[in-house]
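Now for the letters of each chain:
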Amino acid sequence: MANLSNQFAAYRTFRLPDRDLLNLFVPEIIIMKKYFLPAVSFIVVLLVSLQFFRPRLDDPPVTQDFQAPKAVKNILVRACYDCHSNETKLRWYDQVQPVYWQVAAHVRDGRKGLNFSNWDKLAPADRKAKLWEAVNQIEQGAMPVKSYQVVHPNARVSPKDLIVLKKYLTSMIHDLPEDTAKINAFEHQRKSLVSVDRQKLPKTLNDITYLPDYKNWQVISTSDRFDNGTMRVIYGNDIAVNAVKTNHNNPWPDGTIFAKAAWDKLEDRNGNVTTGAFKQVEYMIKNAEKYRSTNGWGFARFKTPKLTPYGKTAIFTTECMNCHKPMKDNDYVFTFPIKN
Ligand code: HEC
Ligand code: HEC
């Protein structure tokens, strides 16, 4: 008997440390007790304190709001104005950190590239170019920002909305000949400064000769690039213009040529913008068979008034192709992606 109770006593003394041992086998309990609650409190404290660290986001004055027919305007206000105007309307859930951080960054970067509240800061041709770019971004699914759409389903641009926007844009093409006249006048002036020897036109390594005639083609788009301060004019030859008129521009027919010329952008103290030194002219020449290896397009670039052919080897076209690749569904052309 004594022996047995001793055994019990031994067993009992063994039980006490056993509770800790048991905990080892049920790690969740330890995690709950030791880590979970402190972790939750830590996160709560962090989130609460984060609310006090807020990047500044104010609404600078609207100098001139973008004007358009109501149907057009409404779509842009609903889908874009939160990030592309000075009339940002944040919902309560946009204001909670860390979401607010991202929202503020979006608004800051968005306004930099496109701000409907300072429409007067853009030259008329640039306004057109910005709108083309905007519709382009929507069509590519890049805008409005995806994560934003998830929490603001109202910002979605439906296929019907897109048609409204495109109709508005195509109605703006009509005033392009005016631009053509202006640019041609400017070019005329320039010719007295730089005369190209027509007998020895420069040629790129992929065998494309400089085409001086582009200056007489239709200007189909103008734009300026804020990042490197250049102004660009895009011309299309008759085949290109016809293809647009008859809606046969995807794929573009053989013989289509685009030229894109770039100048320095000069701006005086009063905000008047003029073109400065000529930078380069680029071509895209469509011939599905001949240029099969470069997506059906012959690419060429001539730099400075000397028209130096660009490219150390014939592979330079890879650089062009890579950057034009996002426009694959539009036959690699950025301009005129608008299909009705
Ligand atoms: C949640 C904020 C947000 C919304 C909403 C939004 N954008 Fe943007 N957008 C941005 C940001 C940020 C950038 C710059 C960075 C980038 O390109 O992703 C940008 C860039 C752009 C650019 C390029 C501007 C340039 O030249 O640098 C265009 C065009 C544009 N957005 C059009 C639109 C249009 C059109 C809508 C509405 C249908 C829209 N965005 C809605 C945040 C937004
Ligand atoms: C960094 C990106 C990038 C590279 C590299 C590039 N392009 Fe482009 N290209 C563009 C964009 C964007 C446009 C649309 C017009 C604009 O915004 O200037 C364009 C437009 C053009 C156009 C007018 C037709 C159109 O697609 O709208 C021609 C012609 C052209 N590029 C030729 C070339 C050639 C030739 C090269 C290579 C030597 C080249 N590009 C390299 C981005 C690029």
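Conventions and cut-offs
- Residues numbered from 1 in each chain as written.
- Chains lettered and ligands numbered in written order.
- Predicted model: local features only at pLDDT ≥ 70, side-chain atom pairs only at ≥ 80, totals over all residues.
- Heavy atoms only, no water.
- Core = buried A, V, L, I, M, F, W, Y, C linked by side-chain atoms within 4.5 Å.
- Buried < 20%, exposed > 50% of the residue type's maximum accessible area, 1.4 Å probe, protein only.
- Helix = DSSP H or I, 4+ residues; strand = E, 2+ residues; numbered from the N terminus.
- Contact = heavy atoms within 4.5 Å.
- Donors = N, O, S within 2.8 Å, 3.2 Å for Na, K, Ca; no water.
- Tetrahedral: all angles 85-135°; square planar, octahedral: opposite > 155°, others 65-115°.
- Salt bridge = Lys/Arg side-chain N within 4 Å of Asp/Glu carboxyl O.
- pLDDT = per-residue confidence, 0-100.

Draft legend 1. Structural context of the nonpolar core. Grouped together as the largest cluster of nonpolar side chains are 22 residues, with contacts concentrated most on F66, L76, F116, W119, L131 and L165. Residue assignment for this core shows that the elements contributing at least two residues are α3 (70-84), α5 (124-139) and α7 (159-171). Per-element tally for this core: the top contributor is α3, with 6 residues. In this structure W119 touches Q64, D65, F66, L114, R127, K130 and L131, once residues within four positions along its chain are discounted.

Draft legend 2. Broad picture of the coordination of the iron atom of ligand 1. At the metal site, the iron atom of ligand 1 is ligated by H84 (NE2) and M143 (SD), and these contacts range over 2.0 to 2.2 Å. Taken together, the 6 donor atoms surrounding the iron atom of ligand 1 define angles of 84 to 178 degrees at the centre, an arrangement classified as octahedral. Taken together, the residues span a long stretch of sequence, with H84 in helix α3 and M143 in the loop between α5 and α6 (146-151) at a distance of 59 residues.

Draft legend 3. Structural view of the pattern of salt bridges. What the rule picks out here adds up to 11 salt bridges. Linking D207 and K203 is a salt bridge whose minimum nitrogen-to-oxygen distance equals 3.4 Å. Owing to a relative accessible area of 51%, D207 belongs among the exposed residues under this scheme. Between K286 and D331 there is a salt bridge, and its shortest N-O distance comes to 2.7 Å. Of the two residues, K286 is situated in strand β4 (residues 273-286) and D331 in the segment after α10 (317-324); the sequence distance between them amounts to 45 residues. Here K286 falls in the buried class, since its relative accessible area comes to 7%. Taking relative accessible area as the criterion, D331 reaches 7% and is therefore assigned buried. Connected through salt bridges with shared partners, the residues K260, E282 and R301 form a single ionic network.

Draft legend 4. Fine view of the confidence of the model for the chain. The predicted model of the chain averages 79 in pLDDT, with 74% of residues at 70 or higher. Of all secondary-structure elements in the chain, the lowest mean pLDDT belongs to helix α1 (residues 2-25), at 49, while strand β5 (residues 297-303) reaches the highest, 96. In this model residues 1-17 is a low-confidence stretch, pLDDT under 50, and it forms 0 contacts with partners more than four residues away in sequence or in other chains. For the stretch residues 174-178, pLDDT sits under 50, and the model shows 6 contacts to residues farther than four places along the chain or on other chains.

Draft legend 5. Local environment of unusual backbone geometry. Residues M143 and P144 are joined by a peptide bond in cis, for which omega reads -10 degrees. Along the chain, P144 turns up in the loop between α5 and α6. Cis peptide bonds are those with omega within 30 degrees of zero, and the linkage from N250 to P251 qualifies with 0 degrees. With respect to the helices and strands, P251 occurs in the loop between α9 (238-245) and β3 (257-267). Located in the positive-phi region is N247, a residue other than glycine, with phi close to 65 degrees. Locating N247 in the fold gives a position in the loop between α9 and β3. What makes N247 partly exposed here is its relative accessible area of 48%.

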